Amino acid sequence: MPELPEVQTVVNHLAECITGRSITGTEISWARSIAVPGVTLFSQQLVGKVCRAVSRRGKYIVIALAPHGYLLCHLRMSGDLKVADAAAPRSKHERVRILFEGECELRFDDPRKFGKMYLVADPEEIVGTLGIEPFSRNFTSEALYERLHQRALRVKTLLLDQRCVAGLGNIYAVESLWHAGINPLVRSNKLSKERVVKLRNAIYEVLRKAVDARGTDLGDGVWKSGGYSPKTYGREGQPCRRCKTVIRRVIVNQRSTDFCPKCQSR
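Residues numbered from 1 in each chain as written. Predicted model: local features only at pLDDT ≥ 70, side-chain atom pairs only at ≥ 80, totals over all residues. Heavy atoms only, no water.

Another aspect to go through is the pairing of strand 4 (residues 60–66). A regular strand places its side chains so that they alternate between the two faces of the sheet. Counting buried residues along strand 4, six of its seven residues qualify, which places the element largely inside the surrounding structure. Sheet analysis places strand 3 (residues 50–57) next to strand 4, joined by seven bridges and oriented antiparallel. Following the sheet pairing, Arg 56 is matched in strand 4 by Ile 61. Hairpin connection from strand 3 to strand 4: two residues lie between these consecutive antiparallel strands, with Gly 58 at a positive phi of about 60°. Relative to strand 5 (residues 70–74), strand 4 runs antiparallel, the two being bridged by five bridges. When the sheet's bridge partners are listed, Tyr 60 is paired in strand 5 with His 74. Between strand 4 and the antiparallel strand that follows it, strand 5, lie three residues; Gly 69 among them carries a positive phi value of about 100°. (Buried < 20%, exposed > 50% of the residue type's maximum accessible area, 1.4 Å probe, protein only. Helix = DSSP H or I, 4+ residues; strand = E, 2+ residues; numbered from the N terminus. Pairing = 2+ DSSP bridges.)

Here you go:
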């Protein structure tokens, strides 16, 4: 599933290509891709709007429209937003096509059909419950410590809760815990302030490196352009890159979780 670094890569691409362009039409081949406000109103309310900015909130792509409104997209398991020339071949997995002036199109490809688009007056309607952004000034070790100590859950479980840290998913939670030397099964409220400082810094550094590398390509067809190479995720049975101990895998809340039993023993 695309996580913060992959979504940010899409945002950077869209910002370069569609900012300042006006929308001339839409074509929707999978109605369930439109979560709000429904297919007919979606098309009616989009045409004539201008893309004034593209940003990210958590795993959501946020397109600010002029004179008003916001188009949000969540890629979910397999979605991708691409800008293409109108004459370019179309994918068999294309669900939504938004036409811009100048023969430019925004195409939403989604093989598994889980992705959603939302056209709203205020993005807070959709993203209002999300937690701290890892690249914001609010993402301090004190703020993370407070959130981790509010509940007695396994730290890996809480890191995946979007109300705690926005945009962090399975891959980068596993990576961050390895870099911080924290066992994914430890209870969140048992972490000392010193260890939370290490975790906060690990989350920031892992995500920053992954954004710079345009995300992670795991060879599963979901994301093909990423250059970030995981240190732990997906390496079950291979030697730890730090101490050479064999990487183990456990299941935490139905998600695979790779970790080093030596480096992350507590």
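So, on to the packing of helix 6 (residues 170–180) against helix 7 (residues 193–212). Interaxial distance between helix 6 and helix 7 falls to 8 Å at its minimum, and their mutual angle equals 130°. When the axes of helix 6 and helix 7 are compared, the pair comes out oblique. Crossing of helix 6 over helix 7 shows right-handed handedness. Taking contact as the criterion, the partners of Tyr 172, Glu 175, Ser 176, Leu 177, His 179 and Ala 180 in helix 6 are, on helix 7, Lys 198, Leu 199, Ala 202, Ile 203, Val 206, Leu 207 and Ala 210. For the contact of helix 6 with helix 7, the residue count by class is nine nonpolar, two polar and two charged. (Axes fitted to C-alpha atoms, helices over the stretch in contact; angles between N-to-C directions. Parallel < 35°, antiparallel > 145°, perpendicular 65-115°, else oblique. Left-handed = near helix turned anticlockwise from the far one by under 90°. Contact = heavy atoms within 4.5 Å. Nonpolar A, V, L, I, M, F, W, Y, C, P; charged D, E, K, R; others polar.)

A few words on the packing of aromatic side chains. Within this structure, the stated rule accounts for three aromatic pairs. Ring geometry for Phe 135 versus Tyr 204: centroids 5.5 Å apart, planes at 90°, classification edge-to-face. Of this pair, Phe 135 sits in the loop between helix 3 (124–127) and helix 4 (141–148) while Tyr 204 sits in helix 7, placing them 69 residues apart in sequence. Residue classification places Phe 135 among the partly exposed positions, given a relative accessible area of 25%. The cationic tip of Lys 113 hangs over the ring face of Trp 30; the distance from NZ or CZ to the ring centre is 3.9 Å. Taking the ring centre of Tyr 145 as reference, the NZ or CZ of Lys 193 above it sits at 5.6 Å. (Phe/Tyr/Trp six-rings, centres within 6.5 Å; stacked < 30°, edge-to-face > 60°. Lys NZ or Arg CZ within 6 Å of the ring centre and 35° of its normal.)

The next thing to look at is the sheet that holds strand 8 (residues 104–109). Strand order in the open sheet formed by four strands is 1-7-8-6, with antiparallel pairing between adjacent strands. Two strands lie at the open edges of the sheet, namely strand 1 (23–28) and strand 6 (80–85), each paired on one side alone. For this sheet the average axis-to-axis angle between neighbouring strands, irrespective of direction, equals 20°. Where strand 7 (residues 94–100) and strand 8 come together, six bridges link them in antiparallel fashion.

With that out of the way, let us pick up helix 4. What helix 4 keeps buried is the set Ser 141, Ala 143, Leu 144 and Leu 148. Along the axis of helix 4, the buried positions cluster into a sector of 160°, meaning they face one direction only. For helix 4, the secondary structure elements touched by its buried residues are helix 5 (155–159) and helix 7. (Arc of directions from axis to C-beta.)

Any link to function would need more than the numbers given here.
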